[in-house]
Structures are given as C-alpha cells and as structure tokens.
Amino acid sequence: MYDVVVVGGGPCGATAAEDLVRSGHSVALLDREGRIKPCGGAIPPRLMQDFHIDEDQLLTKVTTARMISPTGRMVDIPIENGYVGMVDRKDFDPFLRQRAADAGAKYFTGTFVRIDRPDGTPVVIYRDKATQEERALPCKLVIGADGAKSRVGLAEVKDADKVPLVFAYHEIIKAPAATETYDPMRCDVIYDGAISPDFYGWVFPHGGTTSVGMGTELQSVNLKDATAALRKASGLADCETIRKEGAPIPLKPLDRWDNGKDVVLAGDAAGVVAPSSGEGIYYAMVGGRVAATACAATLASGRAKDLRLARKLFMREHKTVFRVLASMQNAYYRSDDRRERFVSLCHDIDVQRLTFEAYMNKKLVKARPMAHVKIGIKNLAHLTGLVKAEHV
C-alpha cells in the first residue's frame, strides 16, 4: 500500500514524486517511458532555483529572442541580466525521474489502465511494459500527471475533457553553423499565419541540435507541411532530421483538479500551460509540487477536501499572469494584421524589459508602475490602429 501513486513521469509527475518521498511518504511513480513530448525546451532561471537544477542540465543559454512578423519584420529582444536555459526533454525527463527514484520513489514502467476500488481505496491498474500483463498498485491517493487528454482525468474528474488544446509538432534537427538566419544563442518566435493561423512557430537552439516546430488549435492545418515551410523560411530545410514529435497542449487550467475523494490532477492534465507562450515545463513542475503538497495535507488530515489545495495554491500564485497571457493571445493571434501589430509593439523597450523580467521571475513586475501604464496605452493604440503596424 503506497501513500500516493503518481501516474506520469514527466517534469510534473517526477517533481511530485520526489517532493512526496522527501517529506516521508511512500510513492510509486508510473510512467510508460519511451515517449518524448514535443517541446521547445526553454526553462527560466526561476525554475533552476526553485527545483535545484544545475547548469550541467542545460544544452545552451539563450541571450536573445527574435520576434518575426507576417511581413518578415524582425525584432531582437536582448535578455538583460539573465538568460533562458534550453533543455532537451529526451534527457531532462529521465534525469528528473531518476532523481525521484534516487530519493526513494518506486519506479514502474507501463501504461495506466484504470483505478479500481474493491474496498473503497484506490488501486491503480497498469499494463506492465515488459510483460504486457496487468498489475496493481494499491494506494491511498492518486496524482494524475499523465498529460493533456489525461486518462486519469477523463476517468475520474468531472469536465476534464473540456479544455482547449493546441496541437504542437516539432522536428529536432542537427544544428547548422551560425548564419544570417540562424543564431545558436537566439530563440526565434514566428508570428505568421502562413505557419500557424492562430498560434506561432519557433526555432529554438539546443546546442548541437535545434527544435523547429509550430502549434495550432485548428485540426485542418497540416502540422508537418507548416513545419517544413518554417524550416525552408529559416534556412534549415537541408539540415539532418533527428526525430519528429507531436502532442496536444492544453491552454486553460481546469475549473476543478480533483474528484473529491482520492485523485488530483497536475501539470498538463490540469491544463496548466501558459496561454500565448505555450510555456509548460516550469508550470508543470509547480503543478507537481502543489499536487504533492495537497496530497501531504490530505494524508495528514484525512480530509479529501484538502486535495483542492493544489489548484488553490497554483492559482493564487499564477492566476493573474495566466489571465494577462490569455488576453494577449485573444487580442493579437486572430489575424496577420494583429500579429503584425504585436511584433511592432515588441519594439518598445518597456515591453521588452517587463516581458523578460516577468518570464525569468514568473510574476508580473510591480517595481515600475509607470512602465505598466505606458504599456497599457501603447497596447490600446496598437489594437485600435491609432499606431500603424509599420511604426517603430
């Protein structure tokens, strides 16, 4: 009998498992292994501090972000007083799983099947990867950290299927030498309806490799064709392709994360990927941590309602940022004209500084209130067309 079974061993599940075992609980970590999620791989310094990630996990440090508009305008934004760390999920996820196992979590490889409750307490049934036989993990509580379209969530939590999804696809390619169109120290973010009509494309360096991909909510878009077009436009069409990956990404936190008795969702399963940016690793790990906190509280108190703490703690810290990012996506991702205006707005030094301060620190910066006022006025001017998109 485990205190908690964590289903899903990505950054979210591995973090939850490690936190729980370090607080003295018995934990089983179940992961199907072998699947790599499509991900740009960007992590902020705040993540490295909060979750004790050493720099040796980084493939490179990015110091510039380039925004590219539908007409090809480029705005380079220097990342002042910091950097964006880049990881490859192929290596980063196993590192986190191993760290959880080293801390004391029992690691199992297989596919979640269902949760039985023969005597009222949950038993996680999974199909063992090696034998394909069904096996059982009896426990007191379950954390569903098994990603978008979570099988745990769909089976256990009301309305878990009611979340908007972006379908993401990327190709990991062998990185070329630096050229006029490719810089190994720069992330490119492409706001162009020809690549994605409602989200964006990206070129993110990973040291010796590069992630090139895009996302969209529209199932009518051919993700592979769009990524091929992006590679061609970025001068990367002839680079060797190492692997290809695709997966849905949720862009809105669920209204409820638990089933009211013994299951709580976390990470992508709970919908905690940032709107507009699609950033997920940091928020997944925070989601794992608050789920672990909620489970520890429930085990100590015996009150199932304490599972609600997971969502409450997460939203208390990040609700405002998510709302701002959702508003920005709704305002600027509708059309190429709006995307052109958004990139034009990115020329502004106040926008640049506050954007990356917020990214690196994971909260809205309040130190310069007049800058926020100025940004609000400029934002309104761009949205209403008072400022022409080509104005710099």
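Residues numbered from 1 in each chain as written. Predicted model: local features only at pLDDT ≥ 70, side-chain atom pairs only at ≥ 80, totals over all residues. Heavy atoms only, no water.

Asker: An account of the pattern of salt bridges is requested, with residue identities and associated values reported.
Answerer: Per the stated rule, a full pass over the model turns up 28 salt bridges. Its salt-bridge partner being Glu340, residue Arg73 comes within 2.6 Å of it at the nearest N-O pair. Placement of Arg73 in the loop between strand S5 (64-68) and strand S6 (74-78) and of Glu340 in helix H8 (residues 336-345) is noted, with a sequence separation of 267 residues between them. When sorted by exposure, Arg73 lands in the same class as Glu340, which is buried. Ionic pairing is found between Asp116 and Arg114, a salt bridge with its closest N-O pair at 3.1 Å. Here Asp116 falls in the partly exposed class, since its relative accessible area comes to 27%. In this structure, a network of salt bridges that share partners links the residues Arg114, Asp116, Arg127 and Glu134. (Salt bridge = Lys/Arg side-chain N within 4 Å of Asp/Glu carboxyl O. Helix = DSSP H or I, 4+ residues; strand = E, 2+ residues; numbered from the N terminus. Buried < 20%, exposed > 50% of the residue type's maximum accessible area, 1.4 Å probe, protein only.)

Asker: Summarise the confidence of the model for the protein chain; cite the residues concerned and give the values.
Answerer: Per-residue confidence for the protein chain gives a mean pLDDT of 90; residues scoring 70 or more make up 90%. Note that residues 367-384 has pLDDT below 50 and, in this model, 27 contacts with residues that lie over four places away or in other chains. (pLDDT = per-residue confidence, 0-100. Contact = heavy atoms within 4.5 Å.)

Asker: Please give an account of the side chain of Ser276 that cites residues and values.
Answerer: With respect to the element layout, Ser276 can be found in the loop between strand S16 (263-265) and helix H6 (281-301). For Ser276, the contacting residues outside a window of four places in its chain are Phe199, Tyr200, Leu325, Met328, Gln329 and Tyr333.

Asker: Outline the packing of helix H1 (residues 11-22) against helix H3 (residues 89-103), listing residues and values.
Answerer: Relative orientation of the contacting elements H1 and H3 amounts to 15°, with a least axis distance of 8 Å. The angle between H1 and H3 falls in the class roughly parallel. Handedness of the H1/H3 crossing: left-handed. On H3, the residues that touch Pro11, Ala14, Ala17, Glu18, Val21 and Arg22 of H1 are Arg89, Asp93, Leu96, Arg97, Arg99, Ala100 and Ala103. Along the lines of polarity and charge, the residues of the contact of H1 with H3 split into seven nonpolar, no polar and six charged. (Axes fitted to C-alpha atoms, helices over the stretch in contact; angles between N-to-C directions. Parallel < 35°, antiparallel > 145°, perpendicular 65-115°, else oblique. Left-handed = near helix turned anticlockwise from the far one by under 90°. Nonpolar A, V, L, I, M, F, W, Y, C, P; charged D, E, K, R; others polar.)

Asker: Lay out the pairing of strand S12 (residues 186-190) in plain terms, naming residues and giving numbers.
Answerer: Taken across its five residues, S12 has five buried, putting it largely inside the fold. The two faces of S12 match: Arg186, Asp188 and Ile190 on one face and Cys187 and Val189 on the other face are all buried. In this sheet, S12 lies alongside S5 in parallel orientation, the contact comprising five bridges. Paired with Met67 across the two strands is Val189, which belongs to S12. (Pairing = 2+ DSSP bridges.)

Asker: Summarise the environment of Val157; cite the residues concerned and give the values.
Answerer: With respect to the secondary-structure elements, Val157 resides in the loop between helix H4 (151-156) and strand S11 (165-174). We classify Val157 as buried; its relative accessible area is 5%. A sequence separation of 108 residues divides Val157 from Leu265, and the C-alpha atoms of the two residues are 8.2 Å apart. Ignoring any residue separated from it by four or fewer positions in sequence, one finds Val157 in contact with Val152, Arg256, Trp257, Asp258, Asn259 and Leu265.

Asker: Describe the sheet that holds strand S7 (residues 84-86), listing the residues and the values that go with them.
Answerer: Spatial ordering of the open sheet is given by S3-S7-S4, a layout of three strands whose pairing is antiparallel. With one partner strand each, in any of the chains shown, strand S3 (42-43) and strand S4 (60-62) form the two edges of the open sheet. The pairing of S4 with S7 spans three bridges and is classified as antiparallel. Each bridged residue has a counterpart across the sheet, and for Lys61 the counterpart in S7 is Gly85.

Asker: Any chance you could break down the packing of aromatic side chains for me, citing the residues and the numbers?
Answerer: Two aromatic rings, taken as a pair, are described by how far apart their centres are and by the angle between their planes. Applying the stated criterion across every chain, the model contains 17 aromatic pairs. Seen from their ring centres, Tyr283 and Phe322 are 5.0 Å apart, and the 90° between their planes marks the pair as edge-to-face. Taken as a pair, Tyr283 in helix H6 and Phe322 in helix H7 (residues 309-332) lie far apart in primary sequence, 39 residues in all. Each member of the pair, Tyr283 together with Phe322, is buried. One aromatic cluster is present, built from ring pairs that chain together Tyr191, Phe199, Tyr200, Trp202, Phe204, Tyr332, Tyr333 and Phe342. The aromatic ring of Tyr83 is capped on one face by Lys61, whose charged end is 4.5 Å from the ring centroid. (Phe/Tyr/Trp six-rings, centres within 6.5 Å; stacked < 30°, edge-to-face > 60°. Lys NZ or Arg CZ within 6 Å of the ring centre and 35° of its normal.)

Asker: Account for helix H5 (residues 223-233), with residues named and values stated.
Answerer: Inspection of H5 places Ala226, Thr227, Leu230 and Arg231 among the buried residues, and these make up the whole buried set. Taken end-on, H5 shows its buried residues confined to a sector of 140°, consistent with a single buried face. Exposed residues on H5 whose side chains face more than 90 degrees from its buried face are Lys224, Asp225, Lys232 and Ala233. Against S11, S12, strand S13 (201-206), strand S14 (209-216) and strand S15 (241-250) lie the buried residues of H5. If you check the start of H5, you find a side-chain oxygen 3.1 Å away from the backbone N of Lys224, and it comes from Asn222. (Arc of directions from axis to C-beta. Polar contact = N/O pair within 3.5 Å; in protein donor to acceptor, adjacent residues only side chain to side chain.)

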